[in-house]
Amino acid sequence: MRKIKILTIILAIVLVTMVAFWGIYVPTQNRMENKVEGYSYAMDLKGSRNIRLKVDDSSKTIIKDKEGKEVENSQNLTEEEIAEKGYTKEEIPYNTQEVKKEENYKQVKKIIEQRLKQMGVNNYIIKLDGQAGDIVVEIPENATTDAIVSNLGTTGKFEIIDSQTNEVLMDNKDIQLANVMYGSDSSTTTQSGTMVYLNIEFTKEGTKKLEDISNQYRKTENSEGVKNTDNTENTENTEETQNTETTEKKITMKIDDQEIMSTSFDETLKTGKLQLSIGSSTTDTTTLQGYVAQATNMAIVLDNGKMPVKYQIQENKYIASDITSDELQMVVYIMIGIIAISFILLMIKYRFMGILGAISYIGFTALFLLLIRYANVSLSIEGILGIAIILILNNLFINQLFGKLKKHKIDERIVKNKVKETYQEFFIKIVPICIAVIIFCFMQWEPISSFGMVMFWGIALMAIYHFIITNNLLKIKASK
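Keep in mind it's a predicted model, so treat the numbers as computed, not measured.

## Quick notes on the layout of surface pockets
Reasoning step 1: Here the second largest pocket defines a volume of roughly 990 Å³.
Reasoning step 2: Contributing to the lining of the second largest pocket are 37 residues, with Ser-40, Gly-120, Asn-122, Asn-123 and Asn-142 lying nearest its centre.
Reasoning step 3: Classifying every residue of the lining of the second largest pocket gives 16 nonpolar, 16 polar and five charged.

## Observations regarding the pattern of salt bridges
Reasoning step 1: Taken as a whole and assessed by the stated rule, the structure comprises 14 salt bridges.
Reasoning step 2: Ionic pairing is found between Lys-404 and Glu-421, a salt bridge with its closest N-O pair at 2.9 Å. Of the two residues, Lys-404 sits in helix α10 (residues 381–406) while Glu-421 sits in helix α11 (residues 412–429), which places them 17 residues apart along the sequence.
Reasoning step 3: Judged by its relative accessible area of 16%, Lys-404 is buried.
Reasoning step 4: Judged by relative accessible area, Glu-421 falls into the partly exposed class, the value being 26%.
Reasoning step 5: Close ionic contact of Glu-425 with Lys-404 constitutes a salt bridge, the shortest N to O distance being 3.2 Å. With Glu-425 in helix α11 and Lys-404 in helix α10, this residue pair connects regions lying 21 residues apart in the sequence.

## A look at the side chain of Thr-470
Reasoning step 1: You can see Thr-470 is positioned in helix α13 (residues 446–478).
Reasoning step 2: For Thr-470, a relative accessible area of 3% puts it in the buried group.
Reasoning step 3: Reaching out from Thr-470, the side chain makes a polar contact with the side chain of His-466 at a distance of 2.7 Å.
Reasoning step 4: Setting aside its immediate chain neighbours within four residues, Thr-470 contacts Ser-360, Leu-401 and Tyr-465.

## Remarks on unusual backbone geometry
Residues other than glycine predominantly adopt negative phi, and peptide bonds predominantly adopt the trans conformation.
Reasoning step 1: Not every positive phi belongs to a glycine, and Asp-257 is a case in point at roughly 65°.
Reasoning step 2: The backbone of Asn-376 sits at a positive phi, close to 55°, despite the residue not being glycine.
Reasoning step 3: Along the chain, Asn-376 turns up in the loop between α9 (352–374) and β19 (378–379).
Reasoning step 4: Here Asn-376 falls in the exposed class, since its relative accessible area comes to 60%.

## A few points about the sheet that holds strand β15 (residues 251–255)
Reasoning step 1: Read from one edge of the open sheet, four strands run β10-β9-β15-β16, paired in antiparallel fashion. Of all strands in the sheet, those bounded by a partner on one side alone are β10 (168–171) and β16 (258–263). Direction aside, neighbouring strands of the sheet carry axes that sit 20° apart on average.
Reasoning step 2: As defined by bridge partners, β15 adjoins β16 across five bridges and the pair is classed as antiparallel. Within β16, the residue paired with Ile-251 across the bridge is Thr-263.
Reasoning step 3: In the packing of helix α6 (residues 204–216) onto the sheet, contacts are made with β10 and β15, and the angle to β10 comes to roughly 145°.

The rules behind the values
Once a new chain begins, its residue numbering starts again from 1 and follows that chain's sequence as written. Only residues with pLDDT of at least 70 get local features here, since the model is predicted, and only at 80 or more are side-chain atom pairs given and counted; chain-wide, interface and lining totals rely on the full set of residues. Working from all heavy atoms in the structure, the side-chain values ignore hydrogens and water. Definitions used for this entry: grid spacing 1 Å over protein atoms alone; cavity, a set of points where a 1.4 Å probe fits but cannot get out; pocket, an open set with protein on both sides within 12 Å along at least 5 of 7 lines; lining residue, one with an atom within 4 Å of a point. Grid points are joined across faces, edges and corners, and a volume is the space filled by probe spheres set on the points. Ten residue types, Ala, Val, Leu, Ile, Met, Phe, Trp, Tyr, Cys and Pro, are classed as nonpolar, four, Asp, Glu, Lys and Arg, as charged, and the remainder, Gly among them, as polar. The term salt bridge refers to a side-chain nitrogen of Lys or Arg lying within 4 Å of a carboxyl oxygen of Asp or Glu. A helix here means a DSSP run of H or I that spans at least four residues, while a strand means a run of E at least two residues long, and both kinds are numbered starting from the N terminus. Think of it in three bands: with a 1.4 Å probe and only protein chains considered, a residue is buried below 20% of the maximum accessible area for its type, exposed above 50%, and partly exposed in between. We define a polar contact as two N or O atoms separated by no more than 3.5 Å, with the added condition that, inside protein, one atom must be a possible hydrogen donor and the other a possible acceptor, whereas residues neighbouring each other in sequence contribute only through side-chain atom pairs. By the convention used here, residues are in contact when the closest approach between their heavy atoms is within 4.5 Å. Whether two strands pair comes down to DSSP finding at least two bridges between them. In this analysis, axes come from line fits to C-alpha atoms, helices being fitted only over the stretch in contact, and the angle between any two N-to-C directions falls in the range 0 to 180 degrees.

Below is the structure:
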């Protein structure tokens, strides 16, 4: 029975080790795909995207009528048509000299930081040239980087205007919150789909504006009576029918002068919330994710306000890491070599107990590497150093425990006492390290936070793992 218990634990450790180092592969679309989460690397290992935002010095051409009002949909007008109608052209800069000041540049920098955080980018570097207004942003390179970059240069100008007069009815100042919501569409009898909504909540003043606008721009029906006369030889029949005509005033919603929608309201909106459907109802996961991404980008832009200065992306390039894959492999090989030597020393010094210690060590290492991946720890060079330190501490713990057990004839009582004694001595000694690690976890500098997170999960795993696995292995060995 003792051998069966030990073999069961060993087989479990072997299984976890195989998953950690080789993965779990399943057939997906005529290829084998690893379902185990991959490592997340920091900018110093994976490389980064460098984006330079420059203050837009260009101008836009505005065509105005005789009364000085801007002419909408004037892009297709020829010079002859402009002259014939008496229209005039004006070149208006996107950024006037009044807005080109350091105070506004700092506000733009703050908005970009808020957008990055809401998009889940916690590791970034952002620099501002207070004189010229240029902003340089450095973010990690991954699958979402292009979508993030597209949001950085967006001004975020929001307007609801009268479709006929172009009067601005609402703008960014009226927005309190923007987020994404979901709903089910069960209008079909066969299946229900999911709808994605951009939810915009307005301020107290904006709520009153929205109520007035939705009441003023409602669809209305006008009924008109029409008399139909039917003459026969002796009688005259008169029949009155009703012709119903729907009239509506429309509003146009724009973001960065691009029309999002043009519509009228079915009812008066009194809640101060405006929900815009993105795409159509769907049950397809890929399509739904696309709608969610589109709605999320719009919500993040609106939620953080309009940039006081319009920027354009001048530079967008990938910067490779200074650390090559060969150098990383060399570090991995060195760590494997050190671990192998420690295994040999354990087995020589403690014999069969040393073999159990080596097996426990392998299981701990495999679980530790899986934990780093699923805890979304971003690995930097300092994070790799943290892995090495945790493996060293783990080796010291095992040696300290086995050293105490070697002096006694092992039984279950001795194992229990020595494990408790080792825990007290070892973890009391590393209390200062634990305090420093917790502080490092909350630091914004990526290398230090990476080191802190690796150490935190490593120490936590040591405390739990050895109490469950190593302790049980030793108790099984000591049992008769």
